[in-house]
Amino acid sequence: MSGNTEPAASLPEAGGAGAALRRTILNLAGPVTGPIGSLTSVRTRAPEVVLTFDDGPEPGGTDRVLEALAAHQATATFFMLADRARRNPALAREVLAAGHEIGLHGTDHRRLSRLPPATVRTQLAAGTARLEDLLGIPIRWFRPPYGAQTPAVWRAIRRQGLTPVLWGPCAWDWLDRPAEVLAAQAARGLNRGSVLLAHDGHAGPEDGADDGPRPRFDRGDLVRAVLAGLDERGLRGRSLSGALVVGAPRTTPWFLR
Ligand SMILES: [Zn+2]
């Protein structure tokens, strides 16, 4: 996920553009029905939130995020671009070795909802195979780039044996803003069981994306600020599978072109 689905001019106010986007998604989707759902949060009694990072691995981003997570003994789920992981295999393996979880964000960052169905199937199969071959682990979770998912894309994800994982609160960290401003944004609506969307990389033309200029803030600073805020509230950051040890997935029909 990066900026193309939202206005890039400024951060949204609480209940502003982000909430409007979610309402649009729900309106498009109609009533909540489990069988066509995507995971958007975790129902849990544990004082945990799910931390997710997209668009890596990226030198100068992923490593900074790893340091910050380690300092707070937090774990996270990293949704990687498979071709990036092949270009940065040591960094991808470092994420795994540090005790974090890895999901698939695509071979590249093209919007699947605009690709022919056969290409979507090929992309999902290739991305899964490349990450599994590189890391030697089964890939379970998939996050569609930009959250763009039609019913046909959803079915293709499920047929690949993957579960679509979207999000709740969002750090808006594809924008170049001070880390503390983005951390305050991330804290909005962040509660027990929330799935927070943040980034350890920035998708660019080499990933099939055009998401604007690369932010210059330190991604480690953002993660440290988010985790400090969680500490104050008695909450911990966990990977998705880590949170599901005691929690249960909560699903929502999420369809967005
Ligand atoms: Zn992304």
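The rules behind the values
Residues numbered from 1 in each chain as written. Predicted model: local features only at pLDDT ≥ 70, side-chain atom pairs only at ≥ 80, totals over all residues. Heavy atoms only, no water. Core = buried A, V, L, I, M, F, W, Y, C linked by side-chain atoms within 4.5 Å. Buried < 20%, exposed > 50% of the residue type's maximum accessible area, 1.4 Å probe, protein only. Contact = heavy atoms within 4.5 Å. Helix = DSSP H or I, 4+ residues; strand = E, 2+ residues; numbered from the N terminus. Polar contact = N/O pair within 3.5 Å; in protein donor to acceptor, adjacent residues only side chain to side chain. Pairing = 2+ DSSP bridges. Salt bridge = Lys/Arg side-chain N within 4 Å of Asp/Glu carboxyl O.

Attention shifts here to the nonpolar core. Among the nonpolar cores identified, the biggest contains 64 residues, and Leu51, Phe53, Leu69, Phe78 and Leu131 are the most heavily contacted of them. Filtering out sequence-adjacent residues up to four positions away, leucine 131 remains in contact with Met80, Ala82, Ala85, Ile102, Gly103, Leu104, Gly136 and Ile139.

Time to look at the side chain of arginine 219. Mapped onto the elements, arginine 219 comes out in helix α8 (residues 219-232). Among the residues examined, arginine 219 registers a relative accessible area of 6% and is labelled buried. From its side chain, arginine 219 meets the backbone oxygen of aspartate 173 in a polar contact 3.2 Å long. Those residues in contact with arginine 219, other than ones at most four positions away along the chain, are Gly61, Val65, Asp173, His199, Asp200, Gly201 and His202.

It is worth spelling out the pairing of strand β4 (residues 101-106) at this point. Taken residue by residue, a regular strand's side chains alternate between the two faces of the sheet. When you tally the buried positions in β4, you get six out of six residues, the bulk of the element. Across five bridges, the pairing between strand β3 (residues 77-81) and β4 is parallel. In the sheet register, phenylalanine 79 faces β4, and the bridge partner there is glycine 103.

Our next topic: the pattern of salt bridges. Under the defined criterion, the tally for this structure stands at 16 salt bridges. The salt bridge partner of aspartate 218 is arginine 64, with a shortest N-O separation of 2.4 Å. With aspartate 218 in the loop between β7 (195-199) and α8 and arginine 64 in helix α2 (residues 62-71), this residue pair connects regions lying 154 residues apart in the sequence. Overall, arginine 64 belongs to the partly exposed group, its relative accessible area being 24%.

Summarising the element assignment, leucine 96 is placed in helix α4 (residues 89-97). We classify leucine 96 as partly exposed; its relative accessible area is 25%. The spatial distance from the C-alpha of leucine 96 to the C-alpha of threonine 77 is 9.6 Å, given a sequence separation of 19 residues.

Here threonine 150 shows up in the loop between β5 (141-142) and α6 (151-159). Classification of threonine 150 as buried rests on a relative accessible area of 11%. Residue contacts for threonine 150: discarding those within four places in its chain leaves Ser113, Phe255, Leu256 and Arg257.

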